[in-house]
Amino acid sequence: MGPVGILALQGAYQQHADLLDRLGVEWCWVRSAQELAVCVALILPGGESTAMTHLLHTRGLFEPLRSFAQTHPIMGSCAGLILMGHTDDARVHSLDVLDIQVARNGYGRQLQSFQSGIDVELGQGMERFPAVFIRAPRIIRVGAAATVLARHNDHPVLVAQGRHLGMSFHPELTDDTRIHRCWLEGVSAGAMHTLSREACA
Ligand code: GLN
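Residues numbered from 1 in each chain as written. Predicted model: local features only at pLDDT ≥ 70, side-chain atom pairs only at ≥ 80, totals over all residues. Heavy atoms only, no water.

With that out of the way, let us pick up the packing of aromatic side chains. All chains considered together, the criterion is met by seven aromatic pairs. Residues Phe 129 and Phe 169 carry aromatic rings whose centres are separated by 6.0 Å and whose planes lie at 50° to one another, so their mutual orientation is tilted. On the criterion of sequence distance, the pair formed by Phe 129 in strand β7 (residues 126–133) and Phe 169 in the loop between β11 (164–167) and α6 (178–189) is long-range, its members being 40 residues apart. For the pair shown, Phe 129 and Phe 169 are each scored as buried. The structure contains a cluster of three or more aromatic residues connected by ring pairs, namely Tyr 107, Phe 114, Phe 129, Phe 133 and Phe 169. One cation-aromatic arrangement involves Arg 138 over Tyr 107; the distance from NZ or CZ to the ring centre is 4.3 Å. (Phe/Tyr/Trp six-rings, centres within 6.5 Å; stacked < 30°, edge-to-face > 60°. Helix = DSSP H or I, 4+ residues; strand = E, 2+ residues; numbered from the N terminus. Buried < 20%, exposed > 50% of the residue type's maximum accessible area, 1.4 Å probe, protein only. Lys NZ or Arg CZ within 6 Å of the ring centre and 35° of its normal.)

Regarding helix α3 (residues 49–58), the residues found buried are Ser 49, Thr 50, Met 52, Thr 53 and Leu 56. All buried residues of α3 fall inside an arc of 165° around its axis, so they share one side. Summarising the geometry of α3, the exposed residues directed more than 90 degrees from the buried face are His 54 and Thr 58. Looking at the buried side of α3, the elements it contacts are β1 (4–7), α4 (62–71) and α5 (79–84). (Arc of directions from axis to C-beta. Contact = heavy atoms within 4.5 Å.)

Close to the ligand lie Gly 46, Gly 47, Glu 48, Ser 49, Cys 78, Ala 79, Ile 82, Arg 104, Asn 105, Ile 134, Arg 135 and His 170. Residue Arg 104 places a side-chain N or O atom 2.7 Å away from an oxygen atom belonging to the ligand. Among the residues making up the shell around the ligand, the classes are represented as four nonpolar, five polar and three charged. (Near = heavy atom within 4 Å. Polar contact = N/O pair within 3.5 Å; in protein donor to acceptor, adjacent residues only side chain to side chain. Nonpolar A, V, L, I, M, F, W, Y, C, P; charged D, E, K, R; others polar.)

On to the side chain of Glu 121. Within the fold, Glu 121 resides in strand β6 (residues 114–121). In this structure the side chain of Glu 121 is engaged in a polar contact, spanning 3.2 Å, whose partner is the backbone nitrogen of Gly 125.

Next comes the structure, spelled out in structure tokens:
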């Protein structure tokens with residue numbers, strides 16, 4: 001297997017790398033189409049989805065990444081989730097891999113950031129997970145193609161579609177590796193694997 005790419009244009013990309021190191025997974029930074037081409041999958045970090053959209057275009061990376069996402073697993077946290085889904089902010093361009101609609105900053109501004117235990121379904125029944133929300137996007141619609149794996153106060157916060165996994169919180173800001181591990185199992189299982197409630201059992 002080749003390396004898992006981590007988009008490193010802007011935002012909290014180092015924390016994903018630290019977590020993959022702890023899992024012993026080979027990874028590389030992605031800042032160009034050439035770097036993306038050798039990756040088996042890609043992580044989109046948290047940060048600012050408008051800035052990331054802008055940088056993806058100026059680096060000539062947006063279209064290559066959109067094509068890559070049709071055939072390779074993507075995991076996105078927070079701003080990464082926004083890029084995977086759809087929002088009505090015209091400054092953010094969608095990679096079109098999650099059938100969801102999100103409201104940017106839908107939980108409020110920086111001061112309303114919070115941590116909360118949520119129940120996640122990673123294939124072995126409900127597990128408690130410490131979720132950190134920072135200017136988080138609120139998922140306001142989930143289409144038929146996507147599966148909700150966790151909710152906070154009835155709102156979906158963790159969504160899978162095929163081998164893609166997106167979340168409105170930041171698992172990389174905790175030392176809990178379970179969500180990354182679940183996604184990585186889909187990465188190594190190959191093309192037919194689909195993340196679902198049973199996937200990581
Ligand atoms: N509010 C940011 C955005 O809209 C996302 C925040 C984050 O990634 N922590 O892009």
